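Listed here are the chains, written in short residue letters.
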Amino acid sequence: MNLSDIEPKEIMPGYHGKLVHAERMSWVFWDVEQDAEVPEHQHDHEQIMHVVEGTFEFTLNGEKGVYKPGDVVVIPSNIPHSGKALTPCKLMDIFSPVREEYR
């Protein structure tokens, strides 16, 4: 498969994801609009976020940081987190197990 062949889905306002699902994981390539926010939430899935382009403010378990290209954040299962795109961003998220609600 090629990413150019995958239609993006707007999973939440301003978050347009190209989704790839395997048996036990999901990989999401996000194009995020400036100022788009993810409200605080938590889930059973383990998650790894990678900032590819832009500047992204991310809060993990009450600790706020600003992340730039090359930064990686490991988000354990059931830990509260939220984020906001300070600029237009390209992010990658990996989830395990599969995010069935993203199919």
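Higher on the page you've got the structure.
Note that the structure is predicted; figures quoted are calculated from it, not measured.

Conventions used here
- Residues numbered from 1 in each chain as written.
- Predicted model: local features only at pLDDT ≥ 70, side-chain atom pairs only at ≥ 80, totals over all residues.
- Heavy atoms only, no water.
- Buried < 20%, exposed > 50% of the residue type's maximum accessible area, 1.4 Å probe, protein only.
- Helix = DSSP H or I, 4+ residues; strand = E, 2+ residues; numbered from the N terminus.
- Pairing = 2+ DSSP bridges.
- Salt bridge = Lys/Arg side-chain N within 4 Å of Asp/Glu carboxyl O.

Section: the pairing of strand β3 (residues 26-32)
Part 1 of the argument: Among the seven residues that make up β3, five are buried, leaving the element largely enclosed by the rest of the structure.
Part 2 of the argument: Strand direction decides the pairing type here: strand β2 (residues 15-21) and β3, joined by seven bridges, are antiparallel. By the bridge assignment, L19 is partnered in β3 with V28.
Part 3 of the argument: Adjacent in sequence and paired antiparallel, β2 and β3 are bridged by four residues.
Part 4 of the argument: As paired elements, β3 and strand β10 (residues 89-96) share seven bridges and run antiparallel to each other.

Regarding the pattern of salt bridges
Part 1 of the argument: Applying the stated criterion across every chain, the model contains four salt bridges.
Part 2 of the argument: Between K90 and D31 there is a salt bridge, and its shortest N-O distance comes to 2.4 Å. One end of the pair, K90, is in strand β10; the other, D31, is in strand β3, and 59 residues separate them in sequence.
Part 3 of the argument: In this structure, R103 and E100 form a salt bridge, with 2.8 Å as the shortest nitrogen-oxygen distance.
Part 4 of the argument: With relative accessibility at 49%, the residue R103 sits in the partly exposed group.

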